Amino acid sequence: MNMQPVNYSDGDVHLTGFLVFDATRTGRRPGILVVHGGRGVDDHAKGRARQLAEFGFVAFACDMYGDDVSGDREHKMARIKELGGDPARLCQRAKAGIEVLASHSQVDGRMAAVGYCFGGMTVLELARSGTELAGVVSIHGSLKTTRPAQASAVKAKVLVCHGALDPHVPQSHVTAFIDEMNNAGADWQLIVYGGAMHGFTDKDAAEFKVPGVAYNAAADARSTGAIEGFLRELFGSLTQ
């Protein structure tokens, strides 16, 4: 599996993402944008990109924060607040990553986006904005928005994987999301995993030391299977 750092930018913000693909495959194939969680482009984000590349896709783990935000948690939280409060800017930052992915010679023009936590919120905002993607997947991401989808605006199919015990995404947000997607006429699905809290795919979740954040092996495995099935539904089998 080939993993390459890619330097790119969104305006004057310098970004570094990681492109992952199976160099033994010769045919062109769909590209998957991977949007990281709160800790930035870490081992979790890179690992999920590698997993998608193993499924046969070209994956790009994009950078939503910028090179000036390193290991400082306060800086990362400030960037989350800054981007989360401005959906248009959030989408612009993610689209810079989409442009990198689309330019890869092995990407055939078909694309989807998969996001975790903060990244899950990001890909849903991309869908709400009408971004041309085949589908988006939000994994333990925030469902609340200040810019609800308008009727017929959501062009991407939507999959949300949610932990039933996630205190950071209360049931009121889940219900509002369901109503929003129905009112928008979106093609959407929601899977709720019993016993799972926020961050259920991150084996290092305990390091956050945040109440309600915990790894759940069963929900991790089940959501991974759901992601793969959803992408196969979008793109069919990849044979080359």
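All figures in this text were calculated on a predicted structure; none of them were measured in a lab.

Cut-offs used in this document
- Residue numbering note: each chain is counted from 1, following its sequence as written.
- Whole-chain, interface and lining totals are the exception, using all residues; otherwise, since this is a predicted model, local features are given only for residues with pLDDT of at least 70 and side-chain atom pairs are given and counted only at 80 or more.
- No hydrogens and no water enter the side-chain calculation; it runs on all heavy atoms of the structure.
- Any carboxyl oxygen of Asp or Glu within 4 Å of a side-chain nitrogen of Lys or Arg constitutes a salt bridge here.
- The cut-offs for exposure are 20% and 50% of the maximum accessible area for each residue type, with area from a 1.4 Å probe on protein chains only; residues under the lower value are buried, those over the upper are exposed, and the others partly exposed.
- Secondary structure elements follow DSSP: runs of H or I no shorter than four residues count as helices, runs of E no shorter than two count as strands, and numbering proceeds from the N terminus.
- Expected span, for any helix, means 1.5 Å times one less than how many residues it has.
- Between N-to-C directions, angles span 0 to 180 degrees; the directions come from axes that are lines fitted to C-alpha atoms, helices contributing only their stretch in contact.
- Here the word oblique covers every angle except those under 35 degrees (roughly parallel), over 145 (roughly antiparallel) and from 65 to 115 (roughly perpendicular).
- Throughout, a contact is declared for two residues whenever any of their heavy atoms are within 4.5 Å.
- Gly falls in the polar group here, along with every residue not listed as nonpolar (Ala, Val, Leu, Ile, Met, Phe, Trp, Tyr, Cys, Pro) or charged (Asp, Glu, Lys, Arg).
- Two rings from Phe, Tyr or Trp (for Trp, the six-membered ring) form a pair when their centres are within 6.5 Å of each other. A pair whose planes differ by under 30 degrees is stacked, one over 60 is edge-to-face, and the rest are tilted.
- Two limits define a charge over a ring: the Lys NZ or Arg CZ must be within 6 Å of the ring centre, and within 35 degrees of the ring normal.
- Polar contact is the term for a pair of N or O atoms within 3.5 Å; when the atoms are in protein, one must be able to donate a hydrogen and the other to accept it, and sequence-neighboring residues count only if both atoms are side-chain atoms.
- Any two strands with at least two DSSP bridges between them are considered paired.
- By convention, a crossover is right-handed whenever its connection, traced from the first strand over the helix to the second and viewed with the strands pointing away, goes clockwise.

We now examine the pattern of salt bridges. Counted under the stated rule, the structure contains 14 salt bridges. A salt bridge links Arg 39 to Asp 42; the nearest nitrogen and oxygen atoms lie 3.3 Å apart. According to the relative accessible area criterion, Arg 39 is partly exposed, its value standing at 22%. When its relative accessible area of 17% is taken as the criterion, Asp 42 is described as buried. A salt bridge links Asp 220 to Arg 48; the nearest nitrogen and oxygen atoms lie 3.0 Å apart. Pair noted here: Asp 220 is in helix α6 (residues 217-235) and Arg 48 is in helix α1 (residues 43-54), with a separation of 172 residues, a long-range link. As far as the burial class goes, Asp 220 and Arg 48 line up, both buried.

Below, the discussion takes up helix α3 (residues 87-102). Taking 1.5 Å of rise per residue, the 16 residues of α3 would be expected to cover 22 Å, and the 22 Å separating its terminal C-alpha atoms lies within 8% of that figure. Of the residues making up α3, those classed as buried are Pro 87, Leu 90, Cys 91, Arg 93, Ala 94, Ala 96, Gly 97, Ile 98, Val 100 and Leu 101.

Moving on: the packing of α3 against helix α4 (residues 118-128). Any two packed helices are characterised by the angle at which their axes cross and by the distance between the axes. Two elements in contact, α3 and α4, have axes whose closest approach is 9 Å; the angle formed by their N-to-C orientations is 95°. Between α3 and α4, the angle is such that the two are roughly perpendicular. Seen from α3, the contacting residues are Pro 87, Leu 90, Cys 91, Ala 94, Lys 95 and Ile 98; seen from α4, they are Phe 118, Met 121, Thr 122, Glu 125 and Leu 126. For the contact of α3 with α4, the class distribution of residues is eight nonpolar, one polar and two charged.

To continue, consider the packing of helix α2 (residues 73-84) against α3. In contact at an axis separation of 6 Å, α2 and α3 are set at 110° when each is read in the N-to-C sense. Taken together, the axis directions place α2 and α3 in an arrangement best described as roughly perpendicular. The segment α2 lies against α3, with Arg 79, Glu 82, Leu 83 and Gly 84 engaging Pro 87, Arg 89, Leu 90 and Arg 93. Residues that form the contact of α2 with α3 fall into these classes: three nonpolar, one polar and four charged.

This part takes up the packing of aromatic side chains. Considering all chains together, one arrives at five aromatic pairs under this definition. Relative to Trp 188, the ring of Phe 177 has its centre 6.2 Å away and its plane inclined at 85°; by these criteria the two rings are edge-to-face. Here the residue Phe 177 occupies a position in helix α5 (residues 171-184), and Trp 188 occupies one in strand β8 (residues 188-193), the gap between them amounting to 11 residues. For Trp 188, a relative accessible area of 23% gives the class partly exposed. Positioned above the aromatic ring of Phe 18 is the side chain of Lys 46, whose terminal nitrogen or guanidinium carbon lies 4.2 Å from the ring centre.

Once that is clear, we can look at α1. Working note: α-helix, 3.6 residues per turn, so residues spaced by three or four point in the same direction. With 12 residues, α1 extends 16 Å between its outermost C-alpha atoms, agreeing within 8% with the 16 Å of an ideal straight helix rising 1.5 Å per residue. Taken residue by residue, α1 has His 44, Ala 45, Arg 48, Ala 49, Leu 52 and Ala 53 as its buried positions. Lining the buried residues of α1 we find β2 (13-21), β3 (29-35), β4 (58-62), β5 (107-116) and α6. Where α1 begins, the capping side chain belongs to Asp 42, and its oxygen is found 3.2 Å from the backbone nitrogen of His 44. Where α1 terminates, the next one or two residues include Gly 56, which has phi positive at roughly 115°.

Now for the pairing of strand β6 (residues 135-139). Consecutive residues of a regular strand have side chains that alternate between opposite faces of the sheet. Within β6, five of the five residues are buried, leaving the element largely enclosed by the surrounding structure. Of the two faces of β6, the one lined by Gly 135, Val 137 and Ile 139 and the one lined by Val 136 and Ser 138 are each fully buried. Pairing of β5 with β6 involves five bridges; the strand directions are parallel. Across the sheet, the residue bridging to Tyr 116 is Ile 139, located in β6. The parallel pair β5 and β6, bridged by α4, forms a crossover whose chirality is right-handed. The pairing of β6 with strand β7 (residues 157-163) spans five bridges and is classified as parallel. What sits directly across from Val 137, in β7, is Leu 159.

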